[in-house]
Amino acid sequence: MNGYLIGFLMAILTISLFITQESLAQNFGIGGTWYHNDKPTHVNVNGYERVVFINEDGDKAVGHFVNPWKVNVPKWGVNGTIKNGGRKIAWTNGTTWTRYPEKKTHVSGRWYHGDKPTYINVYDNGWKFSITNEFGETSDGTAQGPHTLYAPSLYAPSLSIYGHVNRDATVIRWTNGPVWTRYLDGNGSGPLRSEPGS
């Protein structure tokens with residue numbers, strides 16, 4: 001009986017620690033820059049009971065977590081539901097904050113072509129980029145939408161290439177053949193591992 005009771009208590013303790021860790025992870029997971037209609041907003045987390053929100057007009061309001069996936073901001077009279085793995089806050093007044101500007105590319109950081117690293121650096125507020133392939137060769141390009149990259153050839157327009165970015169921004173299929181992935185094995189899932197450049 002004592003062994004059963006100890007096992008039961010250990011199970012309860014493990015579940016409690018898991019829930020606490022999940023709450024803390026979510027608690028601090030929403031800090032940083034967000035966007036509303038492509039304009040930057042900000043969240044500063046100072047604990048579960050004090051979260052500072054700054055909207056695109058610079059108005060500050062203090063809120064708190066209702067649970068790991070919902071925040072309340074009394075000054076603004078709104079609740080926010082955290083969605084898409086922490087990449088979106090849907091507010092009860094009908095507005096939405098996203099981790100990235102909605103009309104820009106979100107592809108900065110390390111990529112892989114097969115098992116070899118490549119790199120993309122986004123700049124000019126998300127509209128331009130430079131790419132470095134697995135051989136260390138670099139090229140500049142422009143975003144033609146949130147899922148289309150264009151790398152022009154200076155010498156022969158027929159050699160210009162497009163990169164088609166999937167919905168989750170984890171795969172880029174280039175029109176000249178290569179496929180770049182966010183993960184070494186190409187089979188990963190989850191959030192991006194870096195944020196867009198500025």
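See above for the structure.
Residues numbered from 1 in each chain as written. Predicted model: local features only at pLDDT ≥ 70, side-chain atom pairs only at ≥ 80, totals over all residues. Heavy atoms only, no water.

## Let's talk about the packing of aromatic side chains
Here is the rule we go by: Between the rings of Phe, Tyr and Trp (Trp by its six-membered ring), a pair exists once the centres lie within 6.5 Å; its type follows the angle of the planes, with under 30 degrees stacked, over 60 edge-to-face, and the other angles tilted. Secondary structure elements follow DSSP: runs of H or I no shorter than four residues count as helices, runs of E no shorter than two count as strands, and numbering proceeds from the N terminus. Only protein chains enter the accessibility calculation, which uses a 1.4 Å probe; a residue whose area is less than 20% of its type maximum is buried, one above 50% is exposed, and one in between is partly exposed.
This model, assessed by the stated rule, comprises 7 aromatic pairs. Ring plane angle 25° and centroid distance 5.1 Å describe the contact between Tyr48 and Phe65, whose orientation is recorded as stacked. Of this pair, Tyr48 sits in the loop between strand E2 (39-45) and strand E3 (51-54) while Phe65 is found in strand E4 (residues 60-67), placing the two residues 17 residues apart along the sequence. With relative accessibility at 2%, the residue Phe65 sits in the buried group. With 4.9 Å between their ring centres and 40° between their planes, Tyr150 and Tyr162 make a pair best called tilted. Separated by 12 residues along the polypeptide, Tyr150 in strand E13 (residues 148-151) and Tyr162 in strand E14 (residues 161-165) bring together distant segments of the chain. Put simply, the rings of Phe53, Trp76, Trp91 and Trp97 pair up and form one aromatic cluster.

## So, the nonpolar core
How we decide: We define a nonpolar core as any set of buried Ala, Val, Leu, Ile, Met, Phe, Trp, Tyr and Cys residues linked to one another through side-chain atoms lying within 4.5 Å. By the convention used here, residues are in contact when the closest approach between their heavy atoms is within 4.5 Å.
Core analysis: the largest hydrophobic core is formed by 15 residues, its most contacted members being Ile30, Val43, Phe53, Phe65, Val71, Trp91 and Trp97. With near-sequence residues (within four places) excluded, Phe53 lies in contact with His42, Val43, Asp59, Lys60, Ala61, Gly63, Val71, Val73, Trp76, Trp91 and Trp97. Judged by nonpolar contacts, the second largest core, of 14 residues, contains Trp111, Leu149, Ile161 and Ala169.

## As for the sheet that holds strand E10 (residues 116-123)
The condition that has to hold: One requirement defines pairing of two strands: DSSP has to find at least two bridges between them. Note on geometry: axes are lines fitted to C-alpha atoms, helical ones only across the stretch in contact, with angles between N-to-C directions running from 0 to 180 degrees.
In spatial order, the strands read E9-E10-E11-E12-E13-E14-E15-E16; together these 8 strands close into a barrel with antiparallel pairing. Averaged over neighbouring strand pairs, the angle between their axes works out to 30° when direction is ignored.

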